[in-house]
Amino acid sequence: MKVTVFGSGYVGLVTGTCLAEVGNEVLCIDIDEQKIAMLKQGEVPIHEPGLDALVQKNIAGKRLGFSTDIAQGIAHGLFQFIAVGTPPDEDGSADLQYVLAVARSIGKNMKDYRIVVNKSTVPVGTADKVKDTIYETLGERGVNLEFDVVSNPEFLKEGAAIEDFMKPDRIIVGADNPRTTELLRILYAPFNRSHDRLVAMDIRSAELTKYAANAMLATKISFMNEMANLAEKLGADIEQVRLGIGADPRIGYHFIYPGCGYGGSCFPKDVKALERIAWEVDYNADLLNAVERVNNQQKQTLFNKIQGHFKGQLAGRTIALWGLAFKPNTDDMREAPSRTLMEALWKSGVRVQAYDPIASKEAQRIYGSRQDLTLCETPEAALEGADALAITTEWNVFRSLDFEGVKTTLKTPVVFDGRNLYDPGLVASQGIVYYSIGRPTVAVRTPADLSADHSRLPDISSL
Ligand code: UDX
């Protein structure tokens, strides 16, 4: 089938490429000429595992093309996917200007029946606005053509987007007539094999489903972060609590990891947008407001611990920072907890020596060349001459800590871990002061302490 995708950002590119991979003829349209020129050469401007190879393979197979020609895009596809950005306005609501600009272009250029598929995360009621905009522009042309608008939100996780698209756990299709749903069912058939994963519903419910899914996940995280803060005050260990509650299948083990706050392009933006949507219909979304508030506070937690440890004497210090991306396997730093931490440290006169396996270039783009930020080539280099180490992203390379290296390279052996990567007892036994999230800080143990502990073990032969 012929498919056009407007917007060659993260969602558009993954959608277009995966649809081409299963045999469709896909044309991706973007107004950014430089981006399209790169993509035509098979160069992918974002970091997503597996995407480069898939783009190149489908360009070579002549199933995937790129263009800045909007009219060509509208002539090409029966399916017209809208996957352009919906950046937050100042009040937190999603800015629909790019979505509606595509709708206008479709109205201006379409010559026969088209299915307009909304992939962008948009406020409830946007499909109606898209419909009205197309009707209006068709009216201006004095023509009467048939079209349908569908809401088909994406649920892609950065770093696993190809897998998520190829093997979705659900395909949400919001349409106002069964014929359109059936056409989408045919398009998605290659991804809908072992059992029917397509959930058909009305358009507004589909639009809300996307926000509800992200808001629910964000709620789980903020809830766990609140429990972690409580555990710290009560002398309990949130990691034990996590295992204890996750065992209940109604709660589950997924998405209950406490940490230094959620970031990324979706959760912070979508929770805010949903709060705004609620406000507009005169509903006070208390829970959502709290989810956002808890997360904003949580992003400060490492800074507060650092400040507490150094008794407020921060000016002139250097902190080593491991992890810049908002999560592993991406170079995305949107709303990343690392940014909140760095910005708070800089305000207090602290220099940051940061290492990230792939996000350094992105940090350079965001912060330029600052005197108080050094981007290091290795995790070890970041430790050189630093007063302490802070960790904000759980990259696998950080999981096995070289205790000796940390102890001898840092000025003082202190680690602030925002992702609970290590066993507090083990780190303390290596002579390192260790702060993590929601777990008691274990006193540093000397080898003598440890052997004394050992001799205190009961002699089971006498029991
Ligand atoms: C998310 C949704 O998972 C995806 O379905 C949606 O389409 C887009 O938003 P993404 O932003 O790529 O995907 O990242 P995700 O893996 O969900 O993580 C988001 C944030 O939550 C990260 O900062 C992560 O560190 C944090 N997180 C996640 C936690 O703090 N604890 C957890 O248990 C899980």
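Everything numeric in this text was worked out from a predicted model, so none of it was measured.

Once that is clear, we can look at the domain arrangement of the chain. When cut into domains, the chain gives domain 1 (2–201), domain 2 (211–298) and domain 3 (301–448). For domain 1 and domain 3, the distance between their C-alpha centroids amounts to 40 Å. In this assembly, four residues from domain 1 lie in contact with seven residues from domain 3. For the side of domain 1 that touches domain 3, the per-class residue count stands at one nonpolar, two polar and one charged.

So, on to the environment of Gln240. Relative to the helices and strands, Gln240 is located in helix 10 (residues 238–246). According to the C-beta neighbour criterion, Gln240 is exposed, with 12 such atoms within 10 Å. Measuring from C-alpha to C-alpha, the distance between Gln240 and Thr126 comes to 44 Å, with 114 residues separating the pair along the chain.

Moving on: the UniProt feature "domain: UDP-glucose/GDP-mannose dehydrogenase C-terminal" (unreviewed entry) in the chain. Within this numbering scheme, the UniProt entry marks residues 320–424 as carrying the feature "domain: UDP-glucose/GDP-mannose dehydrogenase C-terminal" (unreviewed entry). A distance of 19 Å separates the end C-alpha atoms of residues 320–424, which is 30% helix and 18% strand.

So, about the sheet that holds strand 9 (residues 318–322). As summarised here, the arrangement of the six strands in space is 11-10-9-12-13-14, forming an open sheet in which the pairing is parallel. Sheet topology places strand 11 (373–375) and strand 14 (433–435) at the edges, where each strand pairs with a single neighbour. Mean inter-strand twist for the sheet, computed between neighbouring axes without regard to direction, equals 20 degrees. In this sheet, strand 13 (residues 414–417) lies alongside strand 12 (residues 388–391) in parallel orientation, the contact comprising three bridges. For Leu389, the partnering residue across the bridge sits in strand 13 and is Val415. Contacts from helix 13 (residues 301–309) reach strand 9, strand 12, strand 13 and strand 14 within the one sheet, and its direction differs from that of strand 13 by about 160 degrees.

Bringing the site of the ligand into the picture now. As a structural note, the neighbourhood of the ligand is formed by 19 residues, with Glu158, Tyr257, Tyr262, Gly264 and Cys266 the closest of them. If one sorts the elements of the shell around the ligand by residue count, helix 9 (residues 203–234) sits on top with three residues. Of the residues assigned to the shell around the ligand, the class counts are 11 nonpolar, four polar and four charged. When residues of the shell around the ligand are sorted by domain, at least three fall in each of domain 1 (2–201) and domain 2 (211–298).

Positive phi is not limited to glycine here, since Asn329 has a value of about 65 degrees. Along the chain, Asn329 turns up in the loop between strand 9 and helix 14 (337–347). According to the C-beta neighbour criterion, Asn329 is partly exposed, with 18 such atoms within 10 Å. A positive phi is found at Asn420, a non-glycine position, where the angle reads about 50 degrees. If you trace the backbone, Asn420 turns up in the loop between strand 13 and helix 18 (424–429). Judged by C-beta crowding, with 22 C-beta atoms within 10 Å, Asn420 ranks as buried.

Rules behind the numbers
Residues numbered from 1 in each chain as written. Predicted model: local features only at pLDDT ≥ 70, side-chain atom pairs only at ≥ 80, totals over all residues. Domains from an automatic or database assignment. Contact = placed C-beta atoms within 7 Å. Nonpolar A, V, L, I, M, F, W, Y, C, P; charged D, E, K, R; others polar. Helix = DSSP H or I, 4+ residues; strand = E, 2+ residues; numbered from the N terminus. Buried ≥ 20, exposed ≤ 12 C-beta atoms within 10 Å, placed from the backbone. UniProt positions renumbered as here; feature names shortened; annotations may be inferred. Pairing = 2+ DSSP bridges. Axes fitted to C-alpha atoms, helices over the stretch in contact; angles between N-to-C directions. Near = placed C-beta within 6 Å.

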